Amino acid sequence: MMKFLTSLFLGAALLAAPVHAQNQPLRIIIDEGVIEPMPFAVPDFVPDSPAAADYAREITRVVASDLTGTGLFREIPSDAFISPVSSFEASVQFADWKAINAQALVTGAVNVSGNRLSVRFRVWDVFSGAELGDGLQFAGTVDGWRRMAHKVADQVYSRITGEGPYFDSRVAFVSESGPKDQRRKRLAIMDYDGANVQYLTDSSSIVLAPRFSPTGDRLLYTSYETGSPRIYVLDVNSVKRQVLPTQEGTMSFAPRFSPDGKTVLYSLAQGGNTDLWRMDISTGNSVRLTSAPSIETAPSYSPDGSQIVFESDRSGTPQLYIMPANGGEATRISFGKGRYGTPVWSPRGDLIAFTKQSKGRFHIGVMRIDGSEERLLTASFLDEGPTWSPNGRVIMFTRETQGASGRSTLYSVDISGRNLRPVRTPDGGSDPSWSPLLN
Amino acid sequence: MDTGTKISAIAHVTLIGWALIGGTFRSEPLPFEVQDVSVISAEEYAALFAPKPAPEVSDTPATLDEPPKQEDEAAVPEQTEVEQPRPETIAPSEPETEELPEAVVETPDPDVVEEVPALDQPEPDIAALPVPPGAKPKPRPAEKVAPQPVAPPPPEVKPDDVETPPVSTEQGAETPREEQEQTAPEEATDQIVTEAEQSNELAPDRSPRPPAQRPRRPEPAQTAEAEEAKPATDDAVRDALAEALGEAQNEQPAPSGPPLTGGEKDALRIAVSNCWNVGSLSTEALKTTVVVAVAMNRDGTPVIDSIRMVDSSGGSSGAAQQAFGAARRAIIRCGAKGYNLPADKYGQWQNIEMTFNPERMRIK
């Protein structure tokens, strides 16, 4: 009887239950937001000793500069800080950082022992009161403090945005000085942000279009030192170089490494026609990939090495085409009004950067690999020669100003079209090539 | 079973049966409308429908009021010696740094402060400048991209060059009014303006090719309805059993009130949108939709510890975490002072699920 009564009572309760089970969550959809730099704070890293004070301050400044240079972050000036960070081990007073709207906080410390320097740091999500990732430490010699700062910034950047790192990388470019009609060009290499410029060649002959190998230890470039353009391979560390074999009476230019670094794509001009060729670096054997009567040039591999995007005027005007890596039928992907050139495949594989000339203006743009969603990012008298950052988020290119006193300058721009900014170099700069991330 | 128990059982069964069938849980009769009907005479009817003289028509068209515009919603490191002694070359000889694989610093106990700082809740970004009818708005470059463009604030007023002779207080001069700083909403544009788009004259021609077909947007109405239409059997059973067993006797049910109006929901949506900053998200995270659940306090502030991601789609787990981080910051920041929600409907918004879909932001 008791079981019967219990069942009956529960049944009654079940029937009555829907009356009380009415608190479903309120559901709303947010599909509009804002796009603005994220405010962050990076108090000066704490030196473990007086000898580390200068390094701590400089490393902090480089980290802050890297982050703000992306255009995705806005540094909160130290004047606004409520609580100073005097100890790396001390707990973070999140309320003080929330009060000044710091959404991310970077704390760090620097230790110097003899010729050794170490940097340890943490990244905090202020509004959740939690650490983003684990604390990390980099160590090296004191001369490498700048690279360590870039590595710290890379970690912070990646943890907050989810993008791959790119600060610890270098850029090869052609340093230009003198007036336009007597311009002296030297091959140079620098940190991605324009610091530590080193020259790899003298200015006795014209050099063009340096291109990093996938491992970043070699450079391809074109030199006119024999009177006609020829392709050289330069070892970045030893600065030793060798010329790639070529046929008599031909001109070779626009070289680019394959993703495995074993072959080189290049253009070869012979008898008034220019086609694409591929050379095995170890043997020097070349294979012809195109044989059209038009001009084919500026080849670039897809990241997986299966396809090549290049420029051709086979339709009457320079346009972009994609073909299999071993040659074959090419598919046109650019259909806008104007002339397209210098295509470069993104390291992510999803976009192609290019130069476009239209209505007397030059643009750097990106499009999907099927040619859709073309988007022009810049516009000026002369923009050309895009190169991708290692993470595929930023493009660097050459901008030249008009007139006899016009100057070539390197610029970078986010693929969204925001954060267009010059890259400071001692002299003018052109033909940038972004290295892969350093080891 | 003794007679008393039998009588008691029969009485209880009768009582419960009466309660279930007899009317306690009987639903109320459906509401119906009642209209008054009055009887009129034939004369009154004829007079009512008698032909009337045509109204005078003016040759001059009257000015119509413009319909009101609907505003958009708005490890201890192993310090391996890695020296890079570069020979005498002109190449850069940078010492290598070595990334250590594990965290090297013990995590101090973070002093988590659950109090939400008093942040000013920004007003919805609404353009203050009138837009001439028919004129195509020209996008301006601005650091902030928001749903609604905001004109830059007017330049600061410069001091007058004309010197005003000082007036002594003895002459009965008025007490100078305290200066107040004029505030204006932060300048914003409603789309990313690239250099190539800043000038119409120099703007390049667009590719005539149609853009790739985008994935279909989720259909919020259907989803919501479908979710709401799901029988909450499990919850109902659990609640009923809990109540039957007396587990929740001390809990006072929150006043639910009527459902939130569209305007109330929009106000909440706009409030969160104003703090949802996707500017620092990766391109993959910008393709990831996350559903975030949050419990709310009665004062309209979110319970920070309750914020959790209940679903994600369109990206990797890493991208989902990035997207969730941005969503969580938005909920906390703009809810610091409490969202403007009706207190008498607390039961309706005690728990909220927000779907953050960045698709429209990705194509800004």
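This write-up is about the structure you can find in this document.

Calculation notes
- Residues numbered from 1 in each chain as written.
- Chains lettered and ligands numbered in written order.
- Predicted model: local features only at pLDDT ≥ 70, side-chain atom pairs only at ≥ 80, totals over all residues.
- Heavy atoms only, no water.
- Helix = DSSP H or I, 4+ residues; strand = E, 2+ residues; numbered from the N terminus.
- Areas by Shrake-Rupley, 256 points an atom, 1.4 Å probe, with all protein chains shown as cover.
- Pairing = 2+ DSSP bridges.
- Axes fitted to C-alpha atoms, helices over the stretch in contact; angles between N-to-C directions.
- Disulfide = S-S within 2.5 Å.
- Buried < 20%, exposed > 50% of the residue type's maximum accessible area, 1.4 Å probe, protein only.
- Polar contact = N/O pair within 3.5 Å; in protein donor to acceptor, adjacent residues only side chain to side chain.
- Salt bridge = Lys/Arg side-chain N within 4 Å of Asp/Glu carboxyl O.
- Core = buried A, V, L, I, M, F, W, Y, C linked by side-chain atoms within 4.5 Å.
- Parallel < 35°, antiparallel > 145°, perpendicular 65-115°, else oblique.
- Left-handed = near helix turned anticlockwise from the far one by under 90°.
- Contact = heavy atoms within 4.5 Å.

Moving on, we come to the overall build of chain B. Looking only at helices and strands, chain B has eight helices and six strands in total. Only carbon and sulfur atoms are counted for the fraction: they give 52% of the accessible area of chain B, which is about 26,100 Å².

Moving on to the sheet that holds strand β30 (residues 408-414) of chain A. Whether parallel or antiparallel, the strands of a sheet pair through hydrogen bonds between backbone atoms. Residues and elements named next belong to chain A. Strand order in the open sheet made by the four strands is β28-β29-β30-β31, with antiparallel pairing throughout. Looking at which strands have only one partner, the edges of the open sheet turn out to be β28 (382-388) and β31 (421-423). This sheet shows a mean twist of 35° between the axes of neighbouring strands, independent of strand direction. Across seven bridges, the pairing between strand β29 (residues 394-400) and β30 is antiparallel. Looking at β30, one finds that F397 is bridged to Y411.

Residue and element names in this part refer to chain B. Within this structure, the stated rule accounts for one disulfide over all chains. The partner cysteine of C275 in its disulfide is C334, sulfur to sulfur 1.8 Å. Handedness here is read from the sign of the S-S torsion; for C275 and C334, about 70°, the answer is right-handed. Residue C275 is located in the loop between α5 (262-273) and β4 (289-295), and its partner C334 is located in helix α6 (residues 317-334); the two are separated by 59 residues in the primary sequence. For the pair formed by C275 and C334, the shared burial category is buried.

Among the structural elements, D31 of chain A can be located in the loop between β1 (26-30) and β2 (38-41). Judged by relative accessible area, D31 of chain A falls into the buried class, the value being 10%. In this structure the side chain of D31 of chain A is engaged in a polar contact, spanning 3.5 Å, whose partner is the side chain of R360 of chain B.

Moving on, we come to the pairing of β4 of chain B. All names here are of chain B. With six of seven residues buried, β4 is to be regarded as a mostly interior element. Where β4 lies against strand β5 (residues 308-313), five bridges are found, and the strand directions are antiparallel. Across the sheet, residue V292 finds its bridge partner in β5, namely M309.

All names here are of chain A. A complete count under the given rule lists 29 salt bridges over all chains for this structure. Taking the shortest distance from any N to any O, the salt bridge between R368 and E373 comes out at 3.4 Å. Under the relative-accessibility criterion, R368 is labelled partly exposed at 24%. Among the ionic contacts, a cluster of salt bridges with common partners joins E163, R348, R393 and D414.

The biggest cluster of nonpolar side chains holds 52 residues, and the ones touching the most others in it are W97 of chain A together with Y339, I352, M354 and F356 of chain B. Within the residue set of this core, elements represented by two or more residues are β1 and α3 (94-99) of chain A together with α5, β4, α6, α7 (346-349) and β6 (351-356) of chain B. At 10 residues, α6 of chain B tops the list of elements feeding residues into this core. L117, M148, V394 and V423 of chain A belong to the second-largest nonpolar core, a separate cluster that totals 44 residues.

Our focus in this paragraph is the packing of helix α2 (residues 53-69) of chain A against helix α4 (residues 145-161) of chain A. Residues and elements named next belong to chain A. It is the contact of α2 with α4, at a shortest axis distance of 8 Å, that shows an interaxial angle of 45°. Here α4 runs oblique to α2, going by the angle between their axes. Here α2 runs over α4; the crossing is right-handed. Of the residues in α4, those in contact with Y55, E58, I59, V62, V63, D66 and L67 of α2 are W145, R146, A149, H150, V152, A153, V156 and Y157.

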